[in-house]
Amino acid sequence: MARVFFSTSLQQLTGGLEECEIEASTVRELFAQLEDRFPGIREQLASAAVAIDGDVVPGALLERLEPGSEVHFLPAISGG
Amino acid sequence: MLNGDEIDFLCNDYQTLLSALRDELGMIGTKEGCGTGDCGACSVILDGQLVCSCLVFAPEVDGRRVETIEGLAEVDHLHPLQDSFLEGAAFQCGVCTPGFLMAAKALLDRNPSPTETEVRYGVAGNLCRCTGYDKIVRSILDAAARMNEPENRKEAP
Amino acid sequence: MTTTRTGYKWVGTRPVRHDGLDKVTGRARFGADYATAGMLHGAVLRSPHPHARILSIDLTEAAAMPGVKAIITGADLPDLSDEFAAGSEGGINFRDLSRNILARDKVLYEGHPVAAVAAVTLRAAQQAAEVIEVEYEILPAVLSLEHAMEDDAPVLHDDLFTLGLDSEPDRPSNISRRRVIARGDLDAGWVEADVVVEREYTTKAVHQGYIEPHAVVAETGEDGRSTLWCSSQGHFAMRTYTTKVLGWEPGDMKVIPAEIGGGFGGKTTIYLEPLAALLSRRAGRAVKMVMTRSEVFRATGPTSGSVMRIKMGARRDGKLVAATAWMAYEAGAFPGSPIGPGVMTVLACYDIPNVLIEGYDVVLNKPKVAAYRAPGAPMAAFAAESVVDELAEKLDMDPIELRLRNAVTEGVRAVYGPKFRKIGFVETLEEARDHPHYAAPLGPWQGRGVASGFWFNFGGETTATVSINEDGTAVVMSGCPDIGGTRAALAQMAAEELGIDVHRIEPVVADTHSIGYNDMTGGSRVAFAVGIAVVDASRRLIKDMCARAALIWDVPAEEVEWVDGRAQSVTDAAAPLTLEELASGSANTGGPLSATVTVNPRGAGAGFSTQICDVEVDPDTGLVTVLRYTVVQDAGRAIHPDYVEGQMQGGAVQGIGWALNEEYIFDRNGVMENPGFLDYRMPVASDLPMIDTVIVEVPNPDHPYGVRGVGETGIIPPMAAVANAVYAATGKRMQDLPMSPVRVLEALSGD
């Protein structure tokens, strides 16, 4: 079970749900399950940066999720 | 006279000394940052005076003495300012560095023992966006101290 | 002051940088220093209007001018659909990028390119550009955030609908996006607050101010393959962007990185590159293009001007209990201000339970903003850190103490969501509090201010190669332009690993055809991400060399270890094999000694800085002079402390310029009035004191030496630090930047 947090913007798609637990072993799996539950969310997530346990993971699609992992979606930032 | 050598070059009457150095003579060490005399990246020494070469027309230097960054080092050793800039990390990107070195040389030529304030005003015509000037000022003070050590003291040029 | 851990031979030392000699002798080649025989020169025709429809462009007279070889307009570029460059959501949209390179149906800011000409001389190109006839229908211009956000404001893009609103908008507007961060229960938070401060702040657009103008030489062959020599923060990205805008294949373009004369984020995008490449293709000759300083100001950079309203509440004991932030950032002519990082960073230093942050990305008729050092964070910190200072005063509490009581630490959930990993914010506050500067006496009209700042830092895709030459020297190759001494830092890390002298290593920035892909030099990533790749490549080489020594000695590989640059048998049966011996004999042990590592690392450690500023205010002129300045910053580990200090000092001074002098000034018609260094006043040496530095080292557990990015964080605190100091000196809160003499004088006379 990964613990997934939704930003205020994403909550428009989750019906105001701020966080939920999802059974997924990779980020790709997580995306698929989220899309099932909240149609349209995958498109929003495609351009977001994924943070797992406090750490922004670049190219995270195939990243493994541990039980209890915290997942956040952030605007992509690369800096100057 | 360019860095001690007598040279001839052809240029258009509207060309600046900066353009002549870079485009006609291939001396790319002198940089253009603004073209309006505000940034000092094109600083050269003309008859002992620090000038922005972007504000001097090339034909004006006929028969005069021009010193550029390319003439600062000796054959087998650097000018003390160059050593100080290297050891003092006085630059990051380095594009303003030739201009700063020439401005600092012009300063030390006329004032071999400047105070920190005199150094700051001596290079106030040169912009550096990377360093915040701290290490540049320290390096110029350091070079002055090195040049004033008895064994390094030279006759004024 | 540096607290460098002992035990390293090269990491933490200050060797002369490898590219230094070229830079003190004038031999280093920057963007404008390239030339090819017979090359043409390009010039750009730019819009004189901030907002106008292009009715027609007549090239007849220009094309007939002597020496003119090619002319291009927006019609020569393919139209692209919305597509964002990787890792830059809200940043680079190729459709907009293309339209910024050359205007299509409308010009959207004064300076917007309309056409480009290549001719045998620069003068001929400029003269031809001047006689291109463009017929404009002038449209009302939108020049302020307030105006742009009004319901009936003229709209720049009739296909721009606001994203992120509660309900779908039914008509286009100048607001491209709303971003919201919310947590906790604000009403309960305000009830708990004993002290509340609410203020509005504004900042102006400021430019990155690199001394080297944009420059490129492009040579496109008859087969369509091209070479670009240009100065940028990332030649791989320049290739991707340029070929995307032209509809060319990336593999057909080679980009050779020039030395870069400053970037600060402003050279993470393209302007001239596609123009020069296409002109070269059309003319069949190389084309060189160099911007004037005026063009740099009018059509590149800057960063956003902003309006921000911040409200914060604290309990009597100093605990921050509620905060709201409303922020609007100028994006310029196309969407994509750094409002994302703005809303994420504005309150990120503090653990506040009840928060609502709302940010707007707003287009208006000014140049499209580009990244500038910690994009979006400095203006946000100006607002938030000014409010924190005012709260401290109301609470009668030392401002550093107030920050310490609320500072985020490892495990605390950041306002933007995730929990912080190992960070050194508290350490920077403690170092600042204990610094002699903080207790030094002040005179009349003098004051001291403190402020802090946070930046994420970035990792990014990276390739590095380490190779050993036959004489035992090494080459460390990466594909990230070196803006501030990263070659030296990478060589130091390799020297530490390999056990050889740092000057027996040559660090190289390789072109797009000589090494694998690298993301840009940005996000304070090079010493971190490329450092990881270089260390890993060095370690693989060492393993390889130990295996080869084992082969030579005919012993098991695990009986060989690497000590001081030599392979040594643990059983001591054989004399050590040096790097030189292993390299010169490599033909017999499996071929050349070289290792390439690619990474896309996570764990770029967050950066924090706390800064102390003393100013003196001249009550007669309003002039603010910085008397003393101290930057405390967590570097994780300073590989080359000189260049870490340099980043801290340079960032602070850019922030001081932003605070006191720098601003884009437009006339009522939307024409920039100060597009030169005379009137756009960046700090000069005589404006400043020495900038003291304290490098805090709270190692980043995700880097082999503990490195955190240091390039950006330093620019975040200065504006608030200066404003808080001005308040301490005058009793006046300056809420609008820059704090130029006129504004300070106005504030002083407001009694």
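Residues numbered from 1 in each chain as written. Chains lettered and ligands numbered in written order. Predicted model: local features only at pLDDT ≥ 70, side-chain atom pairs only at ≥ 80, totals over all residues. Heavy atoms only, no water.

Peer 1: Pulling in residues and values, what's your account of unusual backbone geometry?
Peer 2: Residues and elements named next belong to chain C. With an omega of -5°, the peptide bond running from leucine 737 to proline 738 counts as cis. Position of proline 738 relative to the elements: it lies in the loop between helix 19 (718-730) and helix 20 (741-748). Within the chain, arginine 373 stands out as a residue other than glycine whose phi angle is a positive 25°. Tracing the sequence through the fold places arginine 373 in the loop between strand 15 (354-363) and helix 11 (377-394). With a relative accessible area of 3%, arginine 373 lands in the buried category. Of note, asparagine 457 is a non-glycine position whose phi angle comes to about 70°, a positive value. Along the chain, asparagine 457 turns up in the loop between strand 16 (446-455) and strand 17 (462-468). What makes asparagine 457 buried here is its relative accessible area of 8%. (Helix = DSSP H or I, 4+ residues; strand = E, 2+ residues; numbered from the N terminus. Buried < 20%, exposed > 50% of the residue type's maximum accessible area, 1.4 Å probe, protein only.)

Peer 1: Help me get a handle on the sheet that holds strand 22 (residues 577-578) of chain C, residues and values and all.
Peer 2: All names here are of chain C. Spatially, the three strands line up as an open sheet ordered 20-21-22, and their pairing is antiparallel. At either end of the open sheet lies a strand with only one pairing partner, and these are strand 20 (560-563) and strand 22. In this sheet, strand 21 (residues 566-569) lies alongside strand 20 in antiparallel orientation, the contact comprising four bridges. Within strand 21, the position partnered with valine 560 by the bridge is serine 569. Its contacts with the sheet place helix 16 (residues 526-553) against strand 20, strand 21 and strand 22, and it is angled at close to 130° to strand 20. (Pairing = 2+ DSSP bridges. Contact = heavy atoms within 4.5 Å. Axes fitted to C-alpha atoms, helices over the stretch in contact; angles between N-to-C directions.)

Peer 1: How would you sum up the sheet that holds strand 7 (residues 175-183) of chain C? Please name residues and give values.
Peer 2: All names here are of chain C. Reading across from one edge, 7-15-14-13-8 is the order of the five strands in this open sheet, with mixed pairing throughout. A strand with exactly one partner marks an edge of an open sheet, and here the two such strands are strand 7 and strand 8 (195-203). Here the average twist between neighbouring strands, direction ignored, is 10°. Both strand 13 (residues 306-314) and strand 14 (residues 320-332) contribute to a ladder of nine bridges, which runs antiparallel. Paired with methionine 312 across the bridge in strand 14 is alanine 323.

Peer 1: Explain the interface of chain C and chain B to me, using residue names and the numbers behind them.
Peer 2: Across the boundary between the two partners, chain C contributes 53 residues, which contact 42 residues of chain B. The junction of chain C with chain B conceals about 3900 Å² of combined surface from both sides, 60% of it contributed by carbon and sulfur atoms. In terms of surface lost to chain B, no three residues of chain C exceed Val24, Ile211 and Met690 of chain C, which account for 19% of the buried area on that side. Remark: the boundary between chain C and chain B carries five salt bridges. Here arginine 22 of chain B makes a salt bridge to aspartate 33 of chain C, at a shortest N to O gap of 2.6 Å. Counting the contacts that link chain C with chain B gives 25 residue pairs in polar contact (both at pLDDT 80 or more). Those elements that place two or more of their residues in the side of chain C that touches chain B are helix 1 (20-25), helix 18 (641-660) and strand 26 (691-696) of chain C. The element contributing the most residues to the side of chain C that touches chain B is helix 18 of chain C, with nine residues. (Buried area = accessible area lost by both parts, 1.4 Å probe. Salt bridge = Lys/Arg side-chain N within 4 Å of Asp/Glu carboxyl O. Polar contact = N/O pair within 3.5 Å; in protein donor to acceptor, adjacent residues only side chain to side chain.)

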